[in-house]
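Analysis of the macromolecular model
Given next are the chains, with one letter for each unit.
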Amino acid sequence: MPRDELSETAIEAMTAPETAAVALNLLTISYDGEVLLRVVDDKQAAVSQGETFEPCAFTALLPDQSSDGNKACRLQIDNTDIAIYRAIKAAAIRSRNENKNIECTAAVIIASEPDTYIQGPLTFVLRNITATVQAITGELYDAFLADRKFCVHTYTPENFPGMFF
């Protein structure tokens, strides 16, 4: 959700019919507290909050603002650098073996005000990673209760008498 305290530049850029302001998406992928990747969807590096984000082609489809529906986002990073593939693959293997999450943090900035977030930072869990020659894709979850398996028991007075009067 956009922040309530947007700068005047951001408000003007969002309400103008045409603007020279450029909105950029920042993406940080980390595992076990270690940053694997910081990228920006631009042709040049961006420095935001003291961190350098390298240029990379990626798309992240964020969830809508509704309270219902699927909370998963789709992430696709162009597979143009073998280092990106190796870092994500190593993290995916460690994640599976150690049962820890790969975290992905997304934020939106305006290029002229890189230290002010328009949206975010939003933290997600990166899961269901696949890689092809063209792209590395995955799903970003902010809550994954919908895809968890639950026990077969139902809460009835016969099975759980302490829950009912």
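Please read these numbers as outputs of a predicted model, since none were measured by experiment.

A look at the side chain of S95
Residue placement: S95 occurs in helix α2 (residues 82-98). Judged by its relative accessible area of 17%, S95 is buried. At 2.4 Å, the side chain of S95 forms a polar contact with the backbone oxygen of K100. Residues in contact with S95, not counting those within four places in the same chain, are Y31, K100, N101 and I102.

A closer look at the environment of T59
Looking at the secondary structure, you find T59 in strand β5 (residues 58-61). Spatially, the C-alpha atoms of T59 and I77 are 6.6 Å apart, while their sequence positions differ by 18 residues. Residues in contact with T59, not counting those within four places in the same chain, are R74, L75 and Q76.

Quick look at the side chain of T137
Along the chain, T137 turns up in strand β9 (residues 135-141). For T137, the side chain forms a polar contact with the side chain of T130, separated by 2.6 Å.

Let's talk about α2
The end-to-end C-alpha distance of α2 is 24 Å, a good match for the 24 Å that 17 residues give at a rise of 1.5 Å each. Regarding α2, the residues found buried are I84, I88, A91 and S95. Angular distribution of buried residues about the axis of α2 spans 65°; they occupy a single face of the element. Turned more than 90 degrees away from the buried face of α2, the exposed residues are R86, R96 and N97. The distance from a side-chain oxygen at the start of α2 to the backbone nitrogen of A83 is 3.1 Å, and the residue carrying that oxygen is D81.

Points about the confidence of the model for the protein
When pLDDT is averaged along the protein, the result is 79, and 77% of the positions lie at 70 or above. Mean pLDDT in the protein bottoms out at helix α1 (residues 8-15), which sits at 76, and peaks at strand β4 (residues 51-55), which reaches 93. The model gives residues 144-148 a pLDDT under 50, and that stretch makes six contacts with residues more than four places away or in other chains.

So, empty space enclosed by the protein
Under the defined criterion, the tally for this structure stands at one cavity of 30 Å³ or more. Size it by volume and the largest cavity reaches roughly 40 Å³. Lining of the largest cavity is provided by L75, I77, I88, L126, I129, I136, T137 and G138. At the level of secondary structure, the elements contributing two or more residues to the lining of the largest cavity comprise β6 (72-78), β8 (113-131) and β9. For the lining of the largest cavity, the element with the most residues is β9, which contributes three residues.

Some remarks on the pairing of β8
The pairing of strand β7 (residues 102-110) with β8 spans eight bridges and is classified as antiparallel. Bridge pairing in β8 places V108 opposite Q119. The hairpin turn running from β7 into β8, its antiparallel successor, is two residues long. Bridge count for β8 against β9 is five bridges, and the pairing is antiparallel. Bridging across to β9, V125 finds its partner in Y141.

About the cut-offs
- Residues numbered from 1 in each chain as written.
- Predicted model: local features only at pLDDT ≥ 70, side-chain atom pairs only at ≥ 80, totals over all residues.
- Heavy atoms only, no water.
- Helix = DSSP H or I, 4+ residues; strand = E, 2+ residues; numbered from the N terminus.
- Buried < 20%, exposed > 50% of the residue type's maximum accessible area, 1.4 Å probe, protein only.
- Polar contact = N/O pair within 3.5 Å; in protein donor to acceptor, adjacent residues only side chain to side chain.
- Contact = heavy atoms within 4.5 Å.
- Expected span 1.5 Å × (residues − 1).
- Arc of directions from axis to C-beta.
- pLDDT = per-residue confidence, 0-100.
- 1 Å grid on protein atoms, 1.4 Å probe; cavity = no way out; pocket = protein on both sides within 12 Å on 5 of 7 lines; lining within 4 Å.
- Points joined across faces, edges and corners; volume = space filled by probe spheres on them.
- Pairing = 2+ DSSP bridges.

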